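# Overview (structure and organization)
Okay, here's what each chain looks like letter by letter:
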Amino acid sequence: MTISYQWLSDYLPVTVDPERLSRILTSIGLEVEHMGRYEEVKGGLQGLVIGEVLTTEKHPNADKLTLTTVNIGTGTPLNIVCGAPNVAAGQKVVVAPVGATIYPSTGEPLTMSQRKIRGSESQGMICAEDEIGLGTSHDGILVLPATAVVGTPAAEYFKPHSDIIYEIGLTPNRMDAMSHWGVARDVCAYLSHHDKKDFKPKLPNGNSFKSDNNSLPVEVVVENEKACPRYSGVSIANVQIGESPVWLQQKLKAIGLRPINNIVDITNFIQHETGQPLHAFDANQISGKKILVKNLPEGTSFITLDEKERKLSAEDLMICDDKGGLCIAGVFGGLHSGVTSVTTNIFLESACFDPVITRKTSFRHGLRTDAASRFEKGTDISGTVLVLKRAATLIKEIAGGQIASEIVDIYPGQQAKKEVAVKWHFIKKLSGKNYHPDAVKNILNGLGFEVIKEGIDELRVAVPYHKPDISLPADIVEEILRIDGLDNIEIPGAITITPSVEEQYAAETYREKVASALVGLGFNEMLTNSITNAAWFSEEEQQGMVKMINSLSAELNILRPSLFETAMDVVARNCNYKNNNLRLFEFGKAYSKQGPGKYNETEQLCLVMTGNKQDDGWKQKSIPADFFYLKSVLEKIFRLLGIDEGRPAPVEVGKLYNHLVYYSNGMPLAGIGEVKKNVLEQFGIRQPVFFAGLNWQLIAGLAGKSAAKIKELPKYPAVQRDLAMVVGKELAWDKVDTTVQKLKLEKLREVKLFDIFESEKLGKDKKSMAVNFTFLDEEKTLTDKEIDGWMGTIMSSLEKELQAEIRK
């Protein structure tokens, strides 16, 4: 929410310093996230001065330059070289003397210095309007009226608007503070409480409203009273569409709004002044001079103000005439019913629409307008007519015309104010502070509450319509605390708490254990959004995914089915910033659709590696990350958690090369592979990436199931033997390992591949594999005869099963 200091000050009975106001706003729960200066003309024309051109003569060394002398009221004229074709003696101009800084409409600021131009001294610059931010024309220097006084500071002559702007972080329940007047009400309540005076905000003027005639009546019929509990309107005839006055344009520009025309600007002004959105219709476009507030059939076409055709839902509330839709109620106008440059008669709407229906319509059509953001939080139903009078009076004052009807006000089910009772001891208990009853009543009165009944132990109040979020005694205490100042909450000397017991502590313990181990291995934890981009998936892949109905944006419209895509996005972002050596992990949730209305949520863990696993150093060269290193990390996690992962099995998948899957009782525990080239190209990654995904939900359930075993170190030495063999080039190591393990040699403890060699000398499509075998008997020392026998068995099996040729 953007608040203008000068605009806000219009409603405050006393002047409050901008810095103090910032502290007050934060103290009462309207946190100031940013406070900055706004300048209609950047730099505020500081240092520039009004001057008069005394003499002009052609530059001796340049046809397009003119030598001038300029009086700026300092006694000694300035010599200025000017390139403008329209410079002439006797003109009143804007001068930037040496030391002044100009801020062009486009480009960088420029500070004046004394310098020579084609051999002639120049002591400043005679300015064009685009060179000082006053316009866009660069046809020549800006020539002022003859009445301009020489020596007058340009800032004093032009009086450019400046302001202090606050960016306030509003919580969703604070619709009452979505306007300058609403903020002023809170500030006055604060000042009254702390300065011990009765401050009231100045009300926007609507008392001068008076109907001039009834020449343009418009009938209003509300068919859906739930979606539109109140609808008010008035007609204004013979208005003149044009530019808004300077003061109105300046207020809108200060808060970041672009002036359009006087009618639209007034509706925007009123919205930010009072918090009540308005809509102006071209009355001549209302067929039958009748407004119908109703729902149209499902799929009805409607062209909105942005010239887009939209298909309406049967739940969308529409403002219609007897021919069809004019406006999506509370959200967006129609193309053919709005105010244009040729509009002469208008019908002005001030209504209250149901927050839930408005929000659903806004998200359904992707129309996040200022009006929708206010209606979806709730508006003050009691203020529609007062705001309408204020706006109609302002339109008549600025755009002329006559108020050509009485106010139409359809309010069938007038709402009673909510009543809330709060105990005095509850206020003390919740706030930790013993407030005097008079202080409580004054705070609540300042916020618009009405004291209905005051008892010895209880206070009953009526809640104002502009605070629809107030319904509980705790809400009343919060209001009291806000105005007293959230920074004034007393801190007790002792705090009593009841420790919570975590039922799933084991899963969290395992998670912390694995995370710590990964960090120890050089990995960094990443956090990504579980809502991701559907564009990363094919139409076929999206079939089983959970799609967002009301997506936050076009890029965040689906719940991720795995952690893979979001991890690749992180890798791509880091690589774009030249952070190429990555070891990343993330615990997160993935989602899938099991059937109509049935969804599945699983906890997952992913590991990602790319770049080098070891950088260049004075003792070693860099070593690139590879599949096998990540596989070893994965298996370390299993061992850490006491899980027997078994032997992985190759499984073909669309996005990974050499994909291996680990199973437990037929359920996949984890998968690992190298990301395919086409996937890397999709994310703009130009280096190999290795990915492992773990079903953390299943792994956490299996962790700790097997008891830890402890045994003493062997008393007898292990014996190692190496074996080299020539095999087919396509033979995988897994086949060799499986062949050896099938022999079930009791004393064989480990089989390890330690070298692969390829050469034409070995034969076509051949390679040499060097394997290390470790034997151990815990009862005695092994003999050469025993080991030779086992090695013979192994070699025979390899020759028979794999057609291996043993190298001697």
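Everything in this summary refers to the structure shown in the same document.

The contact between helix α18 (residues 733-741) and helix α19 (residues 784-802) brings their axes to 10 Å, and the two run at 130°. Taken as axis vectors, α18 and α19 run oblique relative to one another. Judged by the twist between their axes, the crossing of α18 over α19 is right-handed. Of α19, the residues touching α18 (which contributes Lys 735, Val 736, Thr 739 and Val 740) are Ile 794, Ser 797, Leu 798, Glu 801 and Leu 802. Taken together, the residues that form the contact of α18 with α19 break down as five nonpolar, two polar and two charged.

Turning to the pattern of salt bridges, a few remarks are in order. Throughout the structure, instances matching the rule amount to 41 salt bridges. One salt bridge connects Lys 423 with Asp 457, and the closest N-O pair in it is separated by 4.0 Å. Placement of the pair is Lys 423 in strand β26 (residues 419-423) and Asp 457 in the loop between β27 (450-454) and β28 (458-462), with a sequence separation of 34 residues. In this structure Asp 457 comes out as partly exposed when scored by relative accessible area, which is 45%. Measuring nitrogen to oxygen at the nearest pair gives 2.9 Å for the salt bridge that ties Lys 467 to Glu 479. One end of the pair, Lys 467, is in the loop between β28 and α12 (473-484); the other, Glu 479, is in helix α12, and 12 residues separate them in sequence. Of the two residues examined, Lys 467 and Glu 479, each falls in the buried class. One network of salt bridges, in which partners are shared, links Arg 174, Asp 176, Asp 186, Lys 467, Glu 479 and Arg 482.

This paragraph deals with the state of the cysteines. Scanning the entire structure with this criterion turns up zero disulfides. For Cys 127, which is in no disulfide, the shortest distance to another cysteine sulfur is to Cys 82 and amounts to 9.5 Å.

The strand order β1-β13-β2 describes an open sheet built from three strands, whose pairing is antiparallel. Only two strands of the sheet have a single neighbouring strand rather than two, namely β1 (2-4) and β2 (31-39). Recorded for the sheet is a direction-independent mean angle of 25° between the axes of neighbouring strands. Where β2 meets strand β13 (residues 162-169), eight bridges bridge the pair, whose relative direction is antiparallel. Bridge pairing in β13 links Val 32 to Ile 168. Seen against the sheet, helix α2 (residues 18-27) touches β2 and β13 and runs at an angle of roughly 150° to β2.

A grouping of Glu 502, Glu 503, Glu 508, Glu 512 and Glu 525 is seen on the molecular surface, where their side chains present a negatively charged patch. Mapped onto the elements, Glu 512 comes out in helix α13 (residues 505-520).

Glancing now at helix α14 (residues 564-576). Relative to the 18 Å expected for 13 residues at 1.5 Å per residue, α14 spans 18 Å between its end C-alpha atoms, a close match to the ideal helical length. For α14, the complete set of buried residues consists of Phe 564, Glu 565, Thr 566, Ala 567, Met 568, Val 570, Val 571, Ala 572 and Cys 575.

Turning our attention to the packing of aromatic side chains. The geometry of an aromatic ring pair is captured by two quantities: the separation of the ring centres and the angle between the planes. Scanning the model with the defined rule gives 11 aromatic pairs in all. Summarising the aromatic geometry, the rings of Phe 775 and Trp 790 are spaced 5.5 Å apart at their centres and angled 20° between planes, so their arrangement reads as stacked. Linking Phe 775 in strand β43 (residues 766-775) with Trp 790 in helix α19, this pair joins segments that are 15 residues apart in sequence. An aromatic cluster is present here, built from Trp 7, Trp 247 and Phe 269 joined pairwise through their rings. Here the guanidinium or amino end of Arg 368 rests over the ring plane of Phe 363, the centre of that ring lying 4.3 Å away.

Here we take up the sheet that holds strand β17 (residues 290-295). Ordered in space as β14-β17-β20-β21-β22, the five strands form an open sheet in which the pairing is mixed. Each edge of the open sheet carries a strand with a single partner, namely β14 (219-222) and β22 (332-333).

With that settled, consider the pairing of strand β39 (residues 667-675). Examined bridge by bridge, strand β38 (residues 656-664) and β39 share seven bridges and lie antiparallel to one another. If you follow Tyr 663 over to β39, its bridge partner there is Pro 668. Connecting β38 to the next strand, β39, in antiparallel fashion are two residues, including Asn 665 with a positive phi near 55°. Across five bridges, β39 lies against strand β40 (residues 689-694) in antiparallel orientation. In the strand pairing of β40, Ile 672 is matched with Ala 692.

Roughly 1700 Å³ of internal volume is contained in the largest pocket. Residue lining of the largest pocket: 43 residues in total, with Lys 631, Pro 648, Leu 660, Trp 733 and Asp 734 positioned closest to the centre. Elements that contribute at least two residues to the lining of the largest pocket include exactly α15 (627-640), β38, α18, β42 (748-757) and β43. Sort the elements by how many residues they give to the lining of the largest pocket and α15 lands first, with seven residues. Class assignment of the residues belonging to the lining of the largest pocket gives a composition of 19 nonpolar, five polar and 19 charged.

Within an α-helix, residues lying three or four positions from one another point in the same direction, as the helix has 3.6 residues per turn. Along α2, the residues that are buried comprise Pro 18, Leu 21, Ser 22, Ile 24, Leu 25 and Ser 27. Taken together, the buried residues of α2 touch α1 (5-9), β2, β13, α4 (180-195) and α12. Capping the start of α2 is the job of one residue whose side-chain oxygen sits 2.9 Å from the backbone nitrogen of Glu 19: Asp 17. A positive backbone phi angle near 95° is found at Gly 29, which sits one or two residues after α2.

Here we take up the side chain of Arg 310. Relative to the helices and strands, Arg 310 resides in strand β19 (residues 309-311). Judged by relative accessible area, which is 12%, Arg 310 ranks as buried. Within the structure, Arg 310 has its side chain in polar contact with the side chain of Thr 304 (distance 3.0 Å). If near-sequence neighbours (up to four positions away) are discounted, Arg 310 is found in contact with Thr 300, Ser 301, Phe 302, Thr 304, His 365 and Leu 367.

The rules behind these values
Residues numbered from 1 in each chain as written. Predicted model: local features only at pLDDT ≥ 70, side-chain atom pairs only at ≥ 80, totals over all residues. Heavy atoms only, no water. Axes fitted to C-alpha atoms, helices over the stretch in contact; angles between N-to-C directions. Helix = DSSP H or I, 4+ residues; strand = E, 2+ residues; numbered from the N terminus. Parallel < 35°, antiparallel > 145°, perpendicular 65-115°, else oblique. Left-handed = near helix turned anticlockwise from the far one by under 90°. Contact = heavy atoms within 4.5 Å. Nonpolar A, V, L, I, M, F, W, Y, C, P; charged D, E, K, R; others polar. Salt bridge = Lys/Arg side-chain N within 4 Å of Asp/Glu carboxyl O. Buried < 20%, exposed > 50% of the residue type's maximum accessible area, 1.4 Å probe, protein only. Disulfide = S-S within 2.5 Å. Pairing = 2+ DSSP bridges. Patch = residues over 30% accessible without salt bridge, like charges linked within 9 Å, V, L, I, M, F, W, Y side chains within 5 Å. Areas by Shrake-Rupley, 256 points an atom, 1.4 Å probe, with all protein chains shown as cover. Lys, Arg positive; Asp, Glu negative; His and termini not counted. Charge placed at Lys NZ, Arg CZ, Asp CG, Glu CD. Expected span 1.5 Å × (residues − 1). Phe/Tyr/Trp six-rings, centres within 6.5 Å; stacked < 30°, edge-to-face > 60°. Lys NZ or Arg CZ within 6 Å of the ring centre and 35° of its normal. 1 Å grid on protein atoms, 1.4 Å probe; cavity = no way out; pocket = protein on both sides within 12 Å on 5 of 7 lines; lining within 4 Å. Points joined across faces, edges and corners; volume = space filled by probe spheres on them. Polar contact = N/O pair within 3.5 Å; in protein donor to acceptor, adjacent residues only side chain to side chain.

That's the geometry; what it means functionally is another story.
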